[in-house]
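One-letter residues, chain by chain:
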Amino acid sequence: MRQTIDGAMFRRMVISAAASIEIHKEKINELNVFPVPDGDTGTNMSMTLNAAAADLRKADEPTLGKAASITAKALLRGARGNSGVILSLLFRGISKALKPETECGGLTLAAALTEGVETAYNAVMKPAEGTILTVSRMAATAAKEAAEEEDNFEAALQAAIDAAKIALAETVNQNPVLKKAGVVDAGGMGWLLVLEAMMAALHGEDFEAPTDGGPVRESADFSAFNTEDITFGYCTEFIVSREKEGDIPALRSFLNGMGDSLVLVDDEEIIKVHVHTNEPGTVLQKALEYGPLITVKVENMRLQHTEKVMDEKELASQEAEPEKKYGLVAVCAGKGLESVFRDLGVDHIISGGQTMNPSTEDILQGIMRTPAEIVYVFPNNKNIILAAEQTIPLTKKKVVVIPSRTVPQGITALLSFDPDAEEEELTAAMTEALGNVETMQITYAARDSDIDGRDIHAGDYLALDDHGLFGTNTDLDVLLGELAHEVSQDGREFVTIYSGADTTEDQANRALEVFHEACPDADVNLIAGGQPVYYFLISAE
């Protein structure tokens with residue numbers, strides 16, 4: 001059995017772990033019990049780990065401390081969603097323990113895993129049992145016990161894996177939601193896969209990330225060409241639900257004429273497209289002729305290239321000098337919602353939300369470009385709050401995260417913003433305002449599920465409120481009516497309905513009519529939010 005590892009092996013192990021999570025990410029995603037389409041655990045963990053793998057591939061024979069430091073730094077900035085942030089915290093603690101070491105044996109591994117667990121637990125406000133935290137803690141404890149008997153790296157890692165398997169199996173009994181669904185925790189599964197992939201690398205059986213079959217370079221030299229060399233500037237990806245008759249060869253021909261790097265896959269239910277184009281709006285409009293859009297992602301490749309070639313020193317030099325005391329940064333998706341936040345004085349909008357959780361680096365760049373001494377961040381999604389909090393030590397600006405879990409909460413908090421107030425008073429006022437609004441949302445079920453005895457089928461409409469699942473139905477009007485009745489019973493005075501990107505004008509007007517009828521004494525307004533995934537976001541105050 002291998003007694004110790006060095007930096008080169010640690011590098012291999014992390015790259016192997018990233019590949020394993022990439023391979024198994026859909027398996028992890030499927031463990032997410034709630035059927036709402038969101039930034040799933042496997043996807044977030046994969047994107048987070050791949051940030052580290054990309055940087056490690058550029059490192060030439062790093063020492064153990066250097067390899068661990070590169071990993072922790074890349075994970076911190078690339079962390080997405082709660083699962084990605086917790087993963088980064090585990091490796092941050094591991095890095096701290098490994099930094100002064102030239103090699104890692106059993107005792108050092110045990111100390112590193114323990115440091116990782118402590119770092120993660122300290123950062124999570126309300127750690128719950130039956131999660132990745134539990135699995136990582138039990139694994140660290142087992143590694144310590146094994147190392148105390150024999151200071152052997154492989155033996156300690158194997159003990160951690162064995163304990164993680166047992167702990168993962170037990171998560172189904174520790175979390176009532178998991179127990180009802182009969183599944184284990186997705187994040188815990190991810191951590192077990194990480195440990196197993198590290199062991200595989202130790203045995204020379206490294207996991208390799210799937211490719212398109214072409215030659216793979218260790219790293220790309222992005223500085224070797226200019227942004228002008230990018231012919232088509234927008235990487236456009238989307239999935240269309242096939243609800244209309246359409247000629248697929250004609251769509252393929254159209255898309256080929258709009259750009260390059262086209263990949264089109266279709267079956268009886270969906271069409272999935274990836275294309276590089278200069279006119280993403282035209283492409284998406286054409287796609288709508290085949291059915292409603294399920295997911296959309298458009299990325300500016302010229303901007304990505306520019307950001308990729310900047311090193312940390314150049315990035316730091318772009319930090320906007322303070323021109324005022326307070327600045328505001330908000331996360332949202334949808335042109336209408338962006339306009340609302342800008343009208344409320346937000347300096348920088350970060351595109352993101354459900355299905356596209358921005359990374360800590362994305363949020364950090366928004367903060368750095370805000371010309372203020374103190375920057376307030378509104379995550380507007382419960383799965384983004386932890387990532388936002390990781391930016392606090394990464395900039396000389398003071399960052400205050402207002403823990404808004406929904407877009408309506410963020411808007412309500414901003415209505416309490418007073419640029420003349422003292423920081424402590426302002427923070428308290430905006431945080432307190434979060435409790436003044438109830439958020440209701442209507443989306444669709446991404447998968448079959450059974451929640452609280454409700455038999456949910458993929459494609460059903462889902463209504464959510466601040467307490468979780470409110471109701472499900474195949475008829476949108478029925479859900480709108482039930483939500484409106486609930487609002488009327490609560491005696492709310494102000495109702496704002498934000499219609500989504502996939503909501504028709506008739507559906508939006510019908511929603512307005514339903515709430516007017518149910519809440520005759522309330523001030524009811526309709527705004528075209530343009531948000532993806534959610535047909536309606538409803539704010540009731």
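Residues numbered from 1 in each chain as written. Predicted model: local features only at pLDDT ≥ 70, side-chain atom pairs only at ≥ 80, totals over all residues. Heavy atoms only, no water.

Peer 1: Any chance you could explain the overall build of the chain here in plain terms?
Peer 2: Within the chain, the secondary structure is distributed over 20 helices and 16 strands. Along the longest, intermediate and shortest principal axes, the C-alpha atoms of the chain span 75 × 55 × 55 Å. Taking all 541 residues of the chain together, 53% fall into the buried category. Carbon and sulfur atoms make up 48% of the accessible area of the chain, which amounts to about 24600 Å² in all. Where the 44 positive side-chain charges of the chain centre and where its 87 negative ones centre are 5 Å apart. (Helix = DSSP H or I, 4+ residues; strand = E, 2+ residues; numbered from the N terminus. Buried < 20%, exposed > 50% of the residue type's maximum accessible area, 1.4 Å probe, protein only. Areas by Shrake-Rupley, 256 points an atom, 1.4 Å probe, with all protein chains shown as cover. Lys, Arg positive; Asp, Glu negative; His and termini not counted. Charge placed at Lys NZ, Arg CZ, Asp CG, Glu CD.)

Peer 1: Sorry if this is basic, but what is going on with the sheet that holds strand S13 (residues 468–473) here?
Peer 2: Spatially, the 6 strands line up as an open sheet ordered S13-S12-S9-S16-S14-S15, and their pairing is mixed. Strands with a single pairing partner mark the edges of an open sheet, and in this sheet they are S13 and strand S15 (523–531). Averaged over neighbouring strand pairs, the angle between their axes works out to 20° when direction is ignored. Note that strand S14 (residues 494–500) and S15 share 7 bridges and pair parallel. The partner of serine 499 across the bridge, within S15, is alanine 528. Against the sheet, helix H14 (residues 335–343) makes contact with S14, S15 and strand S16 (536–540), and its axis sits at roughly 120° relative to S15, the strand it touches most. (Pairing = 2+ DSSP bridges. Axes fitted to C-alpha atoms, helices over the stretch in contact; angles between N-to-C directions. Contact = heavy atoms within 4.5 Å.)

Peer 1: When you look at the pattern of salt bridges in this model, what are you seeing that I'm missing?
Peer 2: Pairing between side chains becomes possible if they bear opposite charge and their charged atoms approach one another. Here the structure, examined in full by the defined rule, presents 17 salt bridges. Residue arginine 137 is joined to glutamate 129 by a salt bridge in which the shortest nitrogen-to-oxygen separation is 3.2 Å. Assessed through its relative accessible area of 27%, arginine 137 is described here as partly exposed. Assessed through its relative accessible area of 37%, glutamate 129 is described here as partly exposed. One salt bridge connects lysine 286 with glutamate 289, and the closest N-O pair in it is separated by 3.3 Å. For lysine 286, a relative accessible area of 23% gives the class partly exposed. When salt bridges with common partners are traced through the structure, they connect Asp477, Arg510 and Glu513 into a single cluster. (Salt bridge = Lys/Arg side-chain N within 4 Å of Asp/Glu carboxyl O.)

Peer 1: I would appreciate a short explanation of unusual backbone geometry in the present structure.
Peer 2: Phi at asparagine 380 takes a positive value of approximately 60°, unusual for a residue other than glycine. The backbone of valine 533 sits at a positive phi, close to 70°, despite the residue not being glycine. When you line up the elements, valine 533 lands in the loop between S15 and S16. Take valine 533: its relative accessible area is 5%, and that puts it in the buried class.

Peer 1: How should I be thinking about the environment of aspartate 455 in this particular structure?
Peer 2: Within the secondary structure, aspartate 455 sits in strand S11 (residues 454–456). What makes aspartate 455 exposed here is its relative accessible area of 53%. Between the C-alpha atoms of aspartate 455 and glycine 530, which are 75 residues apart in sequence, the distance is 29 Å. If sequence neighbours within four positions are ignored, aspartate 455 has contacts with Ser449 and Asp460.

Peer 1: Just checking my understanding: could you explain helix H3 (residues 64–78) for this structure?
Peer 2: Side chains of residues three or four places apart in an α-helix project in the same direction, reflecting 3.6 residues per turn. Taking 1.5 Å per residue as the helical rise, H3 with its 15 residues ought to reach 21 Å, and the 21 Å between its terminal C-alpha atoms agrees with that figure. With respect to burial, H3 is a largely interior element, 12 of its 15 residues being buried. (Expected span 1.5 Å × (residues − 1).)

Peer 1: So what exactly am I meant to see when it comes to the pairing of strand S2 (residues 259–266) here?
Peer 2: Judged from the 6 bridges that link them, S2 and strand S3 (residues 270–277) form a sheet pairing that is antiparallel. When the sheet's bridge partners are listed, aspartate 266 is paired in S3 with isoleucine 271.

Peer 1: In this structure, what is going on with helix H18 (residues 423–433)? I would like to understand it.
Peer 2: Restricting attention to buried positions, one finds in H18 the residues Glu423, Leu426, Thr427, Met430 and Ala433. Buried residues of H18 fall within an arc of 135° about the axis and therefore sit on the same side. Those residues of H18 that are exposed and angled more than 90 degrees off the buried face are Glu424, Glu425 and Glu432. Contacts made by the buried residues of H18 are with strand S5 (324–332), strand S7 (372–378), strand S8 (398–401) and helix H17 (407–414). (Arc of directions from axis to C-beta.)

Peer 1: When you look at the side chain of arginine 80 in this model, what are you seeing that I'm missing?
Peer 2: Locating arginine 80 in the fold gives a position in the loop between H3 and helix H4 (81–98). Looking at arginine 80, its side chain comes within polar contact range of the main-chain oxygen of asparagine 357, at 3.0 Å. When sequence neighbours within four positions are dropped, the list of residues in contact with arginine 80 reads Asn44, Met47, Thr48, Val85, Asn357, Pro358, Ser359 and Asp362. (Polar contact = N/O pair within 3.5 Å; in protein donor to acceptor, adjacent residues only side chain to side chain.)

Peer 1: How should I be thinking about the environment of threonine 474 in this particular structure?
Peer 2: Looking at the secondary structure, you find threonine 474 in the loop between S13 and helix H19 (476–490). The class of threonine 474 is exposed, set by a relative accessible area of 64%. The sequence separation of threonine 474 and threonine 231 amounts to 243 residues, and the corresponding C-alpha distance is 44 Å. Setting aside its immediate chain neighbours within four residues, threonine 474 contacts Asp460 and Tyr461.

Peer 1: For this particular structure, what's the right way to read the sheet that holds S2?
Peer 2: Across a sheet, strands are paired by hydrogen bonds formed along the backbone, either parallel or antiparallel in direction. In spatial order, the strands read S2-S3-S1-S4; together these 4 strands make up an open sheet with antiparallel pairing. The open sheet has two edge strands, S2 and strand S4 (293–300), and neither has a second partner. Averaged over all adjacent pairs, the angle separating strand axes in this sheet is 5°, with direction ignored. In the sheet, strand S1 (residues 234–241) pairs with S4 via 7 bridges, with the strands oriented antiparallel. Bridged to phenylalanine 238 within S4 is valine 296. Helix H10 (residues 248–258) contacts S2 and S3 of the sheet and is inclined by roughly 160° relative to S2. Sheet strands touched by helix H11 (residues 280–287): S1, S3 and S4. Its angle to S1, the strand with the most contacts, is close to 10°.

Peer 1: Please explain the confidence of the model for the chain as it appears in this structure.
Peer 2: Detailed reading of the predicted coordinates is not advisable wherever pLDDT is low. The predicted model of the chain has a mean per-residue pLDDT of 88, with 91% of residues at 70 or higher. Counting contacts from residues 308–317, a segment whose pLDDT is below 50, to residues more than four positions away or on other chains yields 14 contacts. (pLDDT = per-residue confidence, 0-100.)

Peer 1: What exactly am I supposed to notice about the nonpolar core here?
Peer 2: Soluble globular proteins: nonpolar side chains tend toward being buried together. Counting 84 residues, the largest nonpolar core has Phe10, Leu49, Phe91, Leu157, Trp191, Val194 and Val377 as its most contacted members. Here this core gets 12 residues from one element, more than from any other, and that element is helix H9 (residues 186–202). The contacts of phenylalanine 91, once residues within four sequence positions are left out, are Phe10, Val14, Leu49, Thr71, Ala72, Leu75, Trp191 and Val194. Ranked by size, the runner-up nonpolar core spans 32 residues in total, among them Val346, Phe378, Ala421 and Ile451. (Core = buried A, V, L, I, M, F, W, Y, C linked by side-chain atoms within 4.5 Å.)

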